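Descriptive analysis of the structure
What follows is the residue order along each chain.
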Amino acid sequence: MVKKAKPAAKRATRSKKANANIVDYDKEQELHAYHEMLLIRRFEEKAGQLYGMGHIGGFCHLYIGQEAVVTGIQAVMTEGDQVITSYRDHGHMLACGMEPSRVMAELTGRQGGYSKGKGGSMHMFSKEKHFYGGHGIVGAQVPLGTGLAFHNKYKENGNVSVAYFGDGASNQGQVYESFNMAELWELPVIYVIENNRYAMGTAVTRSSALTDFSKRGSSFNIPGMKVDGMDVRAVHAAGIEAMEHCRSGKGPIILEMETYRYRGHSMSDPAKYRSKDEVQKMRSESDPIEQVRQRLVGKEWASEDELKAIDKQIREVVGDAADFSLKDPEPAPSELYTDVYIEA
Amino acid sequence: MPTEILMPALSPTMEHGKLAKWTVKEGDSVTSGDVIAEIETDKATMEVEAVDEGVIGKIVVPEGTENVVVNKVIAVLLVDGESMEGWSEGATPSAATEKEVVSPSAPSAETVPAQPASAPKLEIASDPDIPAGTKMVSTTVREALRDAMAEEMRKDEDVFVMGEEVAEYQGAYKVTQGLLDEFGKKRVVDTPITEHGFAGIGVGAALAGLKPIVEFMTFNFAMQAIDQIINSAAKTLYMSGGQMGAPIVFRGPNGAAARVGAQHSQCYAAWYSHIPGLKVVAPYTAADAKGLLKSAIRDPNPVIFLENEIVYGQSFDVPDMDDFTLPIGKARIHRQGSDVTLVSFGIGVRYAHDAAEELAQQGISAEVIDLRSLRPLDMDTVIASVQKTNRCITIEEGFPQSGVGAEISARLMSDAFDYLDAPVLRITGKDVPMPYAANLEKLALPNVGEIIEAVKAVTYK
């Protein structure tokens, strides 16, 4: 897996990369993005509601506000490309095409959940959809995602692994261990840093010496791009460039998504570390779904009524998922001892 | 007085080596730093440099001599017009005699290593997993491990080895010797010194379907990686409701070597055996090392494979079979006995064996069980033995609290209480970080005397 030497001068220029130009979406793309993002939004709102009612336990980290990131990246993925992320994972799973009812049933700890109720909000997987979790240790998914890319290169299957992590995880040592090996071995991995400005309650300026996360790979000659993570078209355009970079055998690339989460870090976080005005400003001026909605209406690609109909249909899907997640039985007690080992 | 040039120790565990070549002859002048000889051990070939300026007065050990013990006089250097007159081998107190095996850095015979210096010839009770009449070949543990990996890599393209110095350096302890030549860079991957990172990459590759063998230069360094081993490798199958497992082997030397101090001497057997989702194997013999490593590589679960640096160079009979595997989770009775059961694993089996020999001379018959695997733990074999002997002593190099012996003791209490005629006693490493001083290290490790004392206590003799 040792790569050929490259001229130093050429490599030195790689760490800074121009940001991808936003390419306008056509009607179909706008409607698709609207639908995908709204599904995540409504799903998360419902999850928050079920949590409040005591149906979901433990930790529950909502993705509201960040929907454009997974939606834009998913649009550039092809069959066999893998996704791995942290514990704020519901949006990623829905974007991968995992069933809302089975995700919700995992949140409520039922047998029909993706992990038979044994994983919970933070630990879901789908081999079929190439979704590799769902990881609860901040930053641990980064070496794992790099390992998925190692597999792709080893098998020469042309696939790319997308490893999502936050601004908080960006300060973990294992992230840089991974960067080093990924570039050394030219592994096809896109590191998507979802910079939502707060590592739990600590603002990036209080936790990070270098707050431009797109430069975090510069010690390793990994190019990085800063992307408006609230604009699904910008994410999409950056994703295309990143995929081209990886698929052409140039190794890893970093995409810093400037995004924002509206809710607290988890359900038990009152988010006292930021002002209500700050959140409100983001909601009213930068909301990823509202941006698409305005374009759809402005270009007369959809009427208010048509958009309401989409919303209604999504609410039904989410409502059905919630119903299933409450009616589905808990796992049988005998499941306690299954899935610890695979029989050799 | 002429200066004696002694056989040097090239590693903490080296006891003897081959004097492969002299690059000087008698009468040659040398200055410090000149290469004067080449020495070969089972791990490496190293050059010996002159440390003083002078003339080679006599070459005492001719080139090509095998098994030259450390500290033996190999040549004499004459400084400032000295002559060989009056010099004779053994006249000076520092020279070791040929029969004596001296620890590399031990200053005198009183402080020979805590471990038995040379490997005892073991009479291993026949293994029911090896067909009777199978031809046996004497093989070192190091070669057995290498052969196991090579055989599995030939069989399955998805098996690869990664770790520090596994490829071009041929393995820090030469366990991966020759693999790079046969399998190439793609499948024998040198990593940077970055245990947490490459352990995680290995697990990720395994989740996607490859079968990595991750070598840790020692399990002491795996503490950097333990989050990935436990949280990612061991738990993902369960957390995914059975969808995604990690068929990965983490292997490398575990426990104390010799005089390497507190941070390089810990036994992690108890730590990993605590974790559901992991299998933990700790072989002693070369046959077990080979058969169990092959099984570990094929196992769809993450396996911790604990080796021991001190036994890497020890030879044992290994069955000459096309595809020799052993089941994980099965103990083996090393020696039959009737008065007391000694339970151990890894290098602890050596202590147990030596104690059993000495006890036999005193009329006490000890049964020696080599657990071989710590998870699953073969308590059936231990209990069956205790039902016969009614007494049990556990032996391990790890710390006492919450150790493997503590677990066996608790299980015997709950599952074989009525068969016990005496409390289960544990012989363990002492409850202190490993000291460096030779005498203290010896005290910190288990020893044969402690085992014999414990046996006498429980047999009321």
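Residue numbering note: each chain is counted from 1, following its sequence as written. Note on labels: chains are lettered from A, ligands numbered from 1, in written order. Where totals are concerned, whole chains, interfaces and linings use all residues; where local detail is concerned, this predicted model gives features only for residues with pLDDT of at least 70, and gives and counts side-chain atom pairs only at 80 or more. Neither water nor hydrogens contribute to the side-chain values; these are computed over all heavy atoms in the structure.

**Here we look at the overall build of chain B**
In DSSP terms, a helix is any run of H or I states spanning at least four residues, a strand is any run of E spanning at least two, and both are numbered starting from the N terminus. Of regular secondary structure, chain B possesses twelve helices and 22 strands. Within these notes, the globule rule equals 2.2 Å times the number of residues to the 0.38 power, and the radius of gyration is based on C-alpha atoms. Here the C-alpha radius of gyration of chain B, 24 Å, is about what a compact globule of 461 residues would show, namely 23 Å. Counting only C-alpha atoms and orienting by the principal axes, one finds that chain B spans roughly 80 × 60 × 45 Å. By definition in these notes, contact holds between two residues if any of their heavy atoms fall within 4.5 Å. Within chain B, residue pairs in contact and separated by at least 24 positions form 78% of the contacts whose partners lie at least 6 positions apart. Residue exposure ignores everything except the shown protein chains as possible cover, and the areas themselves are Shrake-Rupley values with a 1.4 Å probe. Of the roughly 17,900 Å² of accessible surface on chain B, a fraction of 50% belongs to carbon and sulfur atoms. Charge assignment: positive for Lys and Arg, negative for Asp and Glu; neither His nor the chain ends contribute. Just so you know, the charge point we use is NZ for Lys, CZ for Arg, CG for Asp and CD for Glu. For chain B, the distance from the average position of its 39 positive side-chain charges to the average position of its 66 negative side-chain charges is 6 Å.

**Brief notes about the overall build of chain A**
Of the regular secondary structure elements, chain A holds twelve helices and eight strands. Each principal axis of the C-alpha distribution contributes one length, and for chain A these read about 60 × 60 × 40 Å. In chain A, which comprises 344 residues, the share counted as buried stands at 58%. In chain A, the share of contacts with a sequence separation of at least 24, taken over all contacts with a separation of at least 6, comes to 76%. Accessible area of chain A: about 14,000 Å², with a carbon and sulfur share of 52%. In chain A, 43 positive and 46 negative side-chain charges are present, and the distance between their average locations comes to 5 Å. Burial classes follow relative accessibility: with a 1.4 Å probe on protein chains only, a residue under 20% of its type's maximum area counts as buried, one over 50% as exposed, and anything between as partly exposed.

**Considerations on unusual backbone geometry**
The linkage connecting Gly133(A) with the following residue, Gly134(A), adopts the cis geometry, with an omega of 25°. Along the chain, the position of Gly134(A) falls in strand β2 (residues 131-134). The omega torsion across Arg375(B) and Pro376(B) is 0°, close enough to zero to call that bond cis. Within the secondary structure, Pro376(B) sits in the loop between β20 (373-375) and α9 (379-389). Unusually for a residue other than glycine, Tyr460(B) sits at a positive phi of about 55°. Tracing the sequence through the fold places Tyr460(B) in the segment after α12 (448-458).

**Some points on the packing of aromatic side chains**
Aromatic ring pairs: the centre-centre distance and the angle between the two ring planes describe each pair. Under the pairing criterion, centres of Phe, Tyr and Trp rings, with the six-membered ring standing for Trp, must be within 6.5 Å; the plane angle then separates stacked pairs below 30 degrees from edge-to-face pairs above 60, leaving the rest tilted. With the rule as written, the count across this model stands at 19 aromatic pairs over all chains. Ring plane angle 25° and centroid distance 6.3 Å describe the contact between Tyr176(A) and Phe220(A), whose orientation is recorded as stacked. Here Phe220(A) lies in the loop between α8 (204-207) and β7 (224-228) and Tyr176(A) lies in helix α7 (residues 173-184), a separation of 44 residues in the sequence. Among the aromatic residues, those joined into a cluster by ring pairs are Phe198(B), Phe216(B), Phe219(B), Phe250(B), Tyr268(B), Trp271(B) and Tyr272(B). We call a charge positioned over a ring when the NZ of a Lys or the CZ of an Arg lies within 6 Å of the ring centre and within 35 degrees of the ring normal. Over the aromatic face of Tyr114(A) sits the side chain of Arg102(A), whose NZ or CZ is 4.1 Å from the ring centroid.

**Comments concerning the interface of chain A and chain B**
The partner chain B presents 49 residues to the 41 residues of chain A that form the contact. Throughout, buried area stands for the accessible area (probe radius 1.4 Å) lost by two parts on being put together, summed over both. Its largest share of buried area at the contact with chain B, chain A owes to Tyr154(A), Tyr341(A) and Ile342(A), together 20% of the area lost on that side. As used in this structure description, the phrase polar contact means that two N or O atoms lie within 3.5 Å; if the pair is within protein, one of them must be able to donate a hydrogen and the other to accept it, and residues adjacent in sequence are counted only when both atoms belong to side chains. Applying the counting criterion to the chain A and chain B interface returns 25 residue pairs in polar contact (both at pLDDT 80 or more). When contributions to the side of chain A that touches chain B are tallied by element, the ones reaching two or more residues are β2, α6 (141-155) and α7 of chain A. Of all the elements, α6(A) adds the most residues to the side of chain A that touches chain B, at nine residues.

**Some remarks on the pattern of salt bridges**
Any two side chains of opposite charge can pair, on the condition that their charged atoms come close. All names here are of chain B. Basic side-chain nitrogens of Lys or Arg form a salt bridge, by our definition, when they fall within 4 Å of a carboxyl oxygen of Asp or Glu. Tallied over the entire structure, the rule returns 44 salt bridges over all chains. Measuring nitrogen to oxygen at the nearest pair gives 4.0 Å for the salt bridge that ties Lys-155 to Asp-323. With Lys-155 in helix α1 (residues 141-155) and Asp-323 in the loop between β16 (315-319) and β17 (332-335), this pair connects stretches of sequence that are 168 residues apart. Put simply, Glu-157 and Arg-187 hold a salt bridge, and the shortest N to O gap is 3.9 Å.

**A look at the sheet that holds strand β4 (residues 189-195) of chain A**
Strands pair in a sheet through their backbones, by hydrogen bonds, and they do so in one of two ways: parallel or antiparallel. Residue and element names in this part refer to chain A. A sheet is described by the order of its strands in space; here six strands give the open sequence β2-β1-β3-β4-β8-β7, paired in parallel fashion. Strands with a single pairing partner mark the edges of an open sheet, and in this sheet they are β2 and β7. Neighbour-to-neighbour, the strand axes of the sheet open up by a mean angle of 20°, direction not taken into account. Helix axes are fitted only over the stretch in contact, all axes being lines through C-alpha atoms; the angle between N-to-C directions runs from 0 to 180 degrees. Set on the sheet, helix α3 (residues 67-74) makes contact with β1 (82-85), β3 (161-166), β4 and β8 (253-258); between it and β3 the angle comes to about 170°. Paired strands, in this sense, are two strands between which DSSP finds at least two bridges.

**Description of the pairing of strand β5 (residues 45-49) of chain B**
Bridge analysis of strand β4 (residues 35-40) of chain B against β5(B) gives five bridges, and the strand direction is antiparallel. When the sheet's bridge partners are listed, Ile39(B) is paired in β5(B) with Met46(B).

**Here we look at the sheet that holds strand β7 (residues 65-69) of chain B**
Residues and elements named next belong to chain B. With respect to topology, four strands assemble into an open sheet ordered β5-β4-β2-β7, the strand pairing being antiparallel. Each edge of the sheet is formed by a strand with only one pairing partner; in this case those strands are β5 and β7. In this sheet, adjacent strand axes meet at a mean angle of 40° when their direction is disregarded. Pairing analysis gives four bridges linking strand β2 (residues 16-22) to β4, with the strands arranged antiparallel. Bridging across to β4, Leu-19 finds its partner in Ile-39.

**Structural notes on the confidence of the model for chain B**
Residue and element names in this part refer to chain B. Residues with a pLDDT of 70 or more make up 92% of chain B, whose mean pLDDT is 91. The predictor attaches a confidence to each residue, called pLDDT, with possible values from 0 through 100. Across residues 94-120, confidence stays below pLDDT 50; counting only partners more than four residues off in sequence or on other chains, it has 57 contacts. With a pTM of 0.89, the predicted complex shows an ipTM of 0.92.

**Quick notes on the environment of Leu77(B)**
All names here are of chain B. You can see Leu-77 is positioned in strand β8 (residues 73-78). Given a relative accessible area of 3%, Leu-77 falls into the buried group. In sequence terms Leu-77 and Gly-209 are 132 residues apart; their C-alpha atoms lie 60 Å from each other. With residues near it in sequence (within four places) discarded, Leu-77 still touches Pro-2, Thr-3, Ile-5, Val-30, Asp-52, Glu-53, Gly-54, Val-55, Ile-56, Gly-57 and Glu-82.

**Some thoughts on the side chain of Asn220(B)**
All names here are of chain B. As for its position among the elements, Asn-220 is in the loop between β12 (211-215) and α4 (226-234). In this structure the side chain of Asn-220 is engaged in a polar contact, spanning 3.0 Å, whose partner is the backbone nitrogen of Gln-266. Beyond its immediate sequence surroundings of up to four residues, Asn-220 is in contact with Gly-255, Gln-263, His-264, Ser-265, Gln-266 and Tyr-268.

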